[in-house]
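Observations on the three-dimensional arrangement
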Amino acid sequence: MSLSIGQLAKSTDTGVETIRFYERRGLMPDPPRAPSGYRRYPTDAVGRLQFIRRAKRLGFTLDEIGTLLRLQDGGDRSEVKAIAQAKLAQIEARIDDLRRMRKTLAELEKQCSGHGPVPGCPIIEALSDGSEA
């Protein structure tokens, strides 16, 4: 059994153009063509596309996903773990950045009365002179 690109898209909740993009990036293999010339995807394409979508939700880049897919086809667990550890470190750094941003913005928001003209607003001043942001 094989699937049309529309059937594959529907079964994975992925856009047709996204599937084509993944093909161009080498994440999805080029599907065989039926005698009519239409692409026909094997049923295992569903699993591969779901893998890509899950990896994207975890924050992996397309390059990292490509590496994970290659490792899935034959690699060492230590390589997979190293990629996951690097991604986790990036996420932790981003969380730290977001916490600093939240703290700074919360402090500025508390300083702002929310009334009156914009000149003198501590939020605008901090963004203008870079002292807080």
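With an unreviewed UniProt entry as reference, the protein is termed Mercuric resistance operon regulatory protein, source organism Spectribacter acetivorans. The heading Function (unreviewed entry) in the UniProt record of the protein holds the text "Mediates the mercuric-dependent induction of mercury resistance operon. In the absence of mercury MerR represses transcription by binding tightly to the mer operator region; when mercury is present the dimeric complex binds a single ion and becomes a potent transcriptional activator, while remaining bound to the mer site."

One way to put it is that helix α5 (residues 77-111) packs onto helix α6 (residues 122-129) with a least axis distance of 8 Å and a crossing angle of 135°. One element, α5, and the other, α6, form an angle in the oblique class. Between α5 and α6, the residues in contact are Leu108, Glu109 and Gln111 and Pro122, Ile123 and Ala126, respectively. The class makeup of the residues in the contact of α5 with α6 is 4 nonpolar, 1 polar and 1 charged.

What follows covers helix α3 (residues 44-57). The end-to-end C-alpha distance of α3, which contains 14 residues, comes to 20 Å, matching closely the 20 Å that a straight helix rising 1.5 Å per residue would cover. Of the positions making up α3, those classed as buried are Ala45, Val46, Leu49, Ile52 and Ala55. Downstream of α3 by a residue or two, Gly59 has a phi angle that is positive, lying close to 95°.

On to the side chain of Thr14. Structurally, the position occupied by Thr14 is in the loop between α1 (5-12) and α2 (16-24). Within the local environment of Thr14, its side chain forms a polar contact with the side chain of Thr12, the two groups lying 3.1 Å apart. Leaving out residues up to four positions away in the same chain, Thr14 has contacts with Ala9, Ile19, Leu49 and Arg53.

Scanning the entire structure with this criterion turns up 7 salt bridges. One salt bridge in this structure joins Arg100 and Asp97, with 2.3 Å as the shortest N-O distance. Linking Arg100 with Asp97, this pair stays in helix α5, spanning 3 residues, or about one helical turn.

Now for a nonpolar patch on the surface. A cluster of nonpolar side chains, namely Val118, Ile124 and Leu127, defines an oily patch on the protein surface of about 280 Å² accessible area. Along the polypeptide, Leu127 turns up in helix α6.

Looking now at the packing of helix α4 (residues 62-72) against α5. Between α4 and α5, the shortest axis-to-axis distance is 10 Å and the interhelical angle comes to 160°. In this view, α4 runs roughly antiparallel relative to α5, as classed from their interaxial angle. The two elements α4 and α5 meet at a crossing, and its hand is left-handed. Of α5, the residues touching α4 (which contributes Glu64, Thr67, Leu68 and Leu71) are Glu79, Val80, Ile83, Lys87 and Gln90. A per-class count over the contact of α4 with α5 returns 4 nonpolar, 2 polar and 3 charged.

Reading guide: rules and limits
- Residues numbered from 1 in each chain as written.
- Predicted model: local features only at pLDDT ≥ 70, side-chain atom pairs only at ≥ 80, totals over all residues.
- Heavy atoms only, no water.
- UniProt positions renumbered as here; feature names shortened; annotations may be inferred.
- Axes fitted to C-alpha atoms, helices over the stretch in contact; angles between N-to-C directions.
- Helix = DSSP H or I, 4+ residues; strand = E, 2+ residues; numbered from the N terminus.
- Parallel < 35°, antiparallel > 145°, perpendicular 65-115°, else oblique.
- Contact = heavy atoms within 4.5 Å.
- Nonpolar A, V, L, I, M, F, W, Y, C, P; charged D, E, K, R; others polar.
- Expected span 1.5 Å × (residues − 1).
- Buried < 20%, exposed > 50% of the residue type's maximum accessible area, 1.4 Å probe, protein only.
- Polar contact = N/O pair within 3.5 Å; in protein donor to acceptor, adjacent residues only side chain to side chain.
- Salt bridge = Lys/Arg side-chain N within 4 Å of Asp/Glu carboxyl O.
- Patch = residues over 30% accessible without salt bridge, like charges linked within 9 Å, V, L, I, M, F, W, Y side chains within 5 Å.
- Areas by Shrake-Rupley, 256 points an atom, 1.4 Å probe, with all protein chains shown as cover.
- Left-handed = near helix turned anticlockwise from the far one by under 90°.

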